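Listed below, chain by chain, are the residues.
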Protein chains: 2
Amino acid sequence: MKLLIDLSFVGTNYCGWQKQKNKLTVQEVVTDAAKKLFGFDCDITGCSRTDSGVHANKFCATVAKKGENALQTTVPTEKIPRAFNNFLPEDVAVNGARFVAEDFHPRYSVIFKEYVYLIYDRAERDPFSSKRCWHVSHEFDDKAVEKMNAAAAYLVGKHDFCAFMAAGSKIEDTVRTVKYTEVVRDGGFIKLRIAADGFLYNMVRIITGTLVEVGYGKLAPEKIAEIIEGRDRRAAGRTAPPDGLYLNEVIY
Amino acid sequence: MKLLIDLSFVGTNYCGWQKQKNKLTVQEVVTDAAKKLFGFDCDITGCSRTDSGVHANKFCATVAKKGENALQTTVPTEKIPRAFNNFLPEDVAVNGARFVAEDFHPRYSVIFKEYVYLIYDRAERDPFSSKRCWHVSHEFDDKAVEKMNAAAAYLVGKHDFCAFMAAGSKIEDTVRTVKYTEVVRDGGFIKLRIAADGFLYNMVRIITGTLVEVGYGKLAPEKIAEIIEGRDRRAAGRTAPPDGLYLNEVIY
């Protein structure tokens, strides 16, 4: 058995999840905390490589003794979150823990993941959501939000999403299945929810940049279908900043 | 005429509102921004001296040319918020601006102010509300929240609040009128709202510390009346941390 933990983190101060030399990453602080908690070096494997500045309301990772695929501990499972948090910085928290079989893989066992993207669309910025959303000064009316929602619906289904992948990515299989999408007004925010069995590099951020073009009235909602079919990155919108992106749910 | 601006700020990185030597304060960054915007030194007068780490959803301040009680500018009033924000750090924003008479005083002209205090009462901490609430690990049930609400109601009215003032304060007149109070559950938070014509030093934070004792069942709600009457700081609860306190509304 190895340990599966649920994390949440504010990504602002981190160069993403994945360990890198001379850069602070979430994986590194979790690896350090695990060593302090369990008393030996651990391998921490995440469900996704989030980018620099991207947040997580729910991120999953397994913890195993270094070089092994299992973890043995006398710490009662229900006490693991709090024990972990004693060794983590304030912007990272473990919210749940359970043991899973050794053939469980935090990335390959995922059925689907949900991301949320927050756009703040008021004229003046909100200090409390600085670095936690994409601030666009243009305020979208209800009709614009409806259009963005209609546009997002064209993404649902099994498609080749290479038009929505960062140029230069080396991934060969660019077919993914989007389970559902939703664009709604939430106070001063426009909130995009999108779930898929997997995401290409920068996919949600490019989708967001494209939906904003729809909101501005520069792109008709039904054009999304054409952009998917065209498989040309240049036809989609710009890449929205990382600050508004949250990994929100991971379903196994 | 002088200028009245509405501000919001995340207080975490500031040693409160009031300018101090060798310490970063909100008044200082606003004063610097005003000089850049208007091209001359300005006097910025705030509605309140918020403490280190305290936040504001709405804070009011007047802007006048240094040494004068008036401001003349060619910047159209409706463009002042955005123009100000160009010169302010991300954790401070100007949200509104209007001109007021020279006998208007941002502190003395206040009819009442409303503060909000946020308590986060889940076992594990939330990285996104770090430094923006008081995290108590004990979860309060509905009955406890009702008791806290009932206890807070005893504060309403004109009372001598010296039991709820930081020891060592030199203020002589400790009578204030509390307009309304409310304690409600808001997701993972307990939210206290309290409005008064004025507040003593640390008053809302000591009230919060006392209400938490009520929530824990250590203090009956009706004891609040006795604590007010007793005028003894030691009978009230501890001072809650600044992180959960927000100046929320200023009514002139």
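None of the values given here were measured: they were computed from a predicted structure. (Residues numbered from 1 in each chain as written. Chains lettered and ligands numbered in written order. Predicted model: local features only at pLDDT ≥ 70, side-chain atom pairs only at ≥ 80, totals over all residues. Heavy atoms only, no water.)

Visitor: So what exactly am I meant to see when it comes to the pattern of salt bridges here?
Guide: Think of it this way: side chains of opposite charge can pair up when their charged atoms draw near. Residues and elements named next belong to chain A. One pass over the full model with this rule turns up 24 salt bridges over all chains. In this structure, Asp-121 engages Arg-185 in a salt bridge whose closest nitrogen and oxygen atoms are separated by 2.9 Å. Taken as a pair, Asp-121 in the loop between strand 5 (112-120) and strand 6 (134-135) and Arg-185 in strand 8 (residues 175-186) lie far apart in primary sequence, 64 residues in all. Judged by relative accessible area, Asp-121 falls into the buried class, the value being 0%. Classification of Arg-185 as partly exposed rests on a relative accessible area of 29%. Via salt bridges that share partners, Asp-121, Arg-122, Glu-139 and Arg-185 belong to a single interconnected network. (Salt bridge = Lys/Arg side-chain N within 4 Å of Asp/Glu carboxyl O. Helix = DSSP H or I, 4+ residues; strand = E, 2+ residues; numbered from the N terminus. Buried < 20%, exposed > 50% of the residue type's maximum accessible area, 1.4 Å probe, protein only.)

Visitor: Where do I start with the side chain of Thr-174 of chain B in this structure?
Guide: Residues and elements named next belong to chain B. Relative to the helices and strands, Thr-174 resides in the loop between strand 7 (157-160) and strand 8 (175-186). On the basis of relative accessibility, which here comes to 7%, the residue Thr-174 falls in the buried class. Within the structure, the side chain of Thr-174 is placed 2.6 Å from the side chain of Asp-160, a separation counted as a polar contact. Setting aside its immediate chain neighbours within four residues, Thr-174 contacts His-159, Asp-160, Phe-161, Cys-162, Met-165 and Leu-200. (Polar contact = N/O pair within 3.5 Å; in protein donor to acceptor, adjacent residues only side chain to side chain. Contact = heavy atoms within 4.5 Å.)

Visitor: Quick question: what am I supposed to make of the environment of Ile-44 of chain B here?
Guide: Residue and element names in this part refer to chain B. Along the chain, the position of Ile-44 falls in strand 2 (residues 42-46). Accessibility expressed as a relative area gives 5% for Ile-44, which makes it buried. Considering only alpha carbons, one finds Ile-44 and Glu-28, 16 residues apart in sequence, at a separation of 8.8 Å.

Visitor: Explanation requested: the side chain of Ser-129 of chain A in the structure shown.
Guide: All names here are of chain A. On the secondary structure map, Ser-129 appears in the loop between strand 5 and strand 6. The exposure class of Ser-129 is buried, given its relative accessible area of 5%. Excluding anything up to four places from it in sequence, Ser-129 contacts Tyr-120 and Phe-189.

Visitor: Please explain the environment of Lys-35 of chain A as it appears in this structure.
Guide: All names here are of chain A. Tracing the sequence through the fold places Lys-35 in helix 1 (residues 26-38). Classification of Lys-35 as partly exposed rests on a relative accessible area of 43%. Separated by 96 residues in sequence, Lys-35 and Lys-131 place their C-alpha atoms 30 Å apart. Those residues in contact with Lys-35 that sit more than four places away from it in its chain are Phe-40 and Asp-41. Here the side chain of Lys-35 touches Asp-41 through a polar contact of 3.2 Å, side chain to side chain.

Visitor: Can you walk me through the interface of chain A and chain B in this structure?
Guide: In many analyses, interface size is given as the accessible surface area lost on bringing the parts together. Between chain A and chain B, the residue contacts involve 27 residues of the former and 27 residues of the latter. Both faces combined, the contact of chain A with chain B buries some 2100 Å², and carbon together with sulfur accounts for 46% of it. Between Arg-82 of chain B and Glu-124 of chain A there is a salt bridge, and its shortest N-O distance comes to 3.6 Å. Where the side of chain A that touches chain B is concerned, the elements lending two or more residues are strand 1 (2-9), strand 3 (55-65), helix 2 (80-85) and strand 4 (92-100) of chain A. The greatest single-element share of the side of chain A that touches chain B, amounting to four residues, is contributed by strand 4 of chain A. Within the side of chain A that touches chain B, the residues separate by chemical class into 13 nonpolar, seven polar and seven charged. (Buried area = accessible area lost by both parts, 1.4 Å probe. Nonpolar A, V, L, I, M, F, W, Y, C, P; charged D, E, K, R; others polar.)

Visitor: Is there a simple way to explain the nonpolar core in this structure?
Guide: One broad rule of soluble globular proteins: the nonpolar side chains tend to lie buried together. Counting 75 residues, the largest nonpolar core has Val-30, Phe-38, Val-63, Phe-84 and Phe-164 of chain B as the members making the most contacts within it. Those residues in contact with Val-63 of chain B that lie beyond four places of it in its chain are Lys-2, Leu-3, Ile-5, Ala-34, Phe-38, Cys-42, Asp-43, Ile-44, Leu-71 and Phe-84 of chain B. Counting residues in each nonpolar core, the second largest holds 74 residues, with Leu-7, Cys-60, Ala-144 and Ile-228 of chain A among its members. (Core = buried A, V, L, I, M, F, W, Y, C linked by side-chain atoms within 4.5 Å.)

Visitor: Where do I start with the packing of helix 3 (residues 142-153) of chain B against helix 4 (residues 203-215) of chain B in this structure?
Guide: Residues and elements named next belong to chain B. Viewed as axis vectors pointing N to C, helix 3 and helix 4 meet at an angle of 135 degrees, and their least axial separation amounts to 8 Å. Considering their axes alone, helix 3 and helix 4 lie oblique with respect to each other. Helix 4 is crossed by helix 3, and the crossing has right-handed handedness. When helix 3 is examined against helix 4, the residues Ala-144, Lys-147, Met-148, Ala-151 and Ala-152 are found in contact with a partner set consisting of Leu-211, Val-212, Val-214 and Gly-215. Residue composition of the contact of helix 3 with helix 4, grouped by class: seven nonpolar, one polar and one charged. (Axes fitted to C-alpha atoms, helices over the stretch in contact; angles between N-to-C directions. Parallel < 35°, antiparallel > 145°, perpendicular 65-115°, else oblique. Left-handed = near helix turned anticlockwise from the far one by under 90°.)

Visitor: So what exactly am I meant to see when it comes to the relation of the copies chain A and chain B here?
Guide: The relation between the two copies of this chain is a rotation about an axis and a shift parallel to it. Under the fitted operation, chain A is carried onto chain B by 0.0 Å of movement along the axis and a turn of 180 degrees, and the coordinates agree to an RMSD of 0.0 Å. The transformation relating the two chain copies, once decomposed into turn and shift, fits a two-fold axis. Considering only C-alpha atoms, the residue of chain A closest to the rotation axis is Phe-128 of chain A, which sits at 5.2 Å. Looking at the interface residues of chain A, 100% of them are also at the interface in chain B, so both copies use one shared face. (Least-squares fit on C-alpha atoms with pLDDT ≥ 70 in both.)

Visitor: Whenever I open this one, unusual backbone geometry confuses me. Can you help?
Guide: Most peptide bonds adopt trans geometry, and most residues besides glycine take a negative phi value. A positive phi angle is found at Asn-202 of chain B, which is not glycine, with a value near 70 degrees. Asn-202 of chain B gets classed as buried once you look at its relative accessible area, which sits at 15%.

Visitor: So what exactly am I meant to see when it comes to helix 1 (residues 26-38) of chain B here?
Guide: Two residues of an α-helix separated by three or four positions point the same way, owing to the 3.6 residues in each turn. Residue and element names in this part refer to chain B. Here helix 1 is 13 residues long and its end C-alpha atoms lie 18 Å apart, about the 18 Å a rise of 1.5 Å per residue gives. All of the buried residues along helix 1 are Val-26, Gln-27, Val-29, Val-30, Thr-31, Ala-33, Ala-34, Leu-37 and Phe-38. Check the buried side of helix 1 and you find it contacts strand 1 (2-9), strand 2, strand 3 (55-65), helix 2 (80-85) and strand 4 (92-100). At the C-terminal side of helix 1, Gly-39 shows a positive phi close to 85 degrees. (Expected span 1.5 Å × (residues − 1).)

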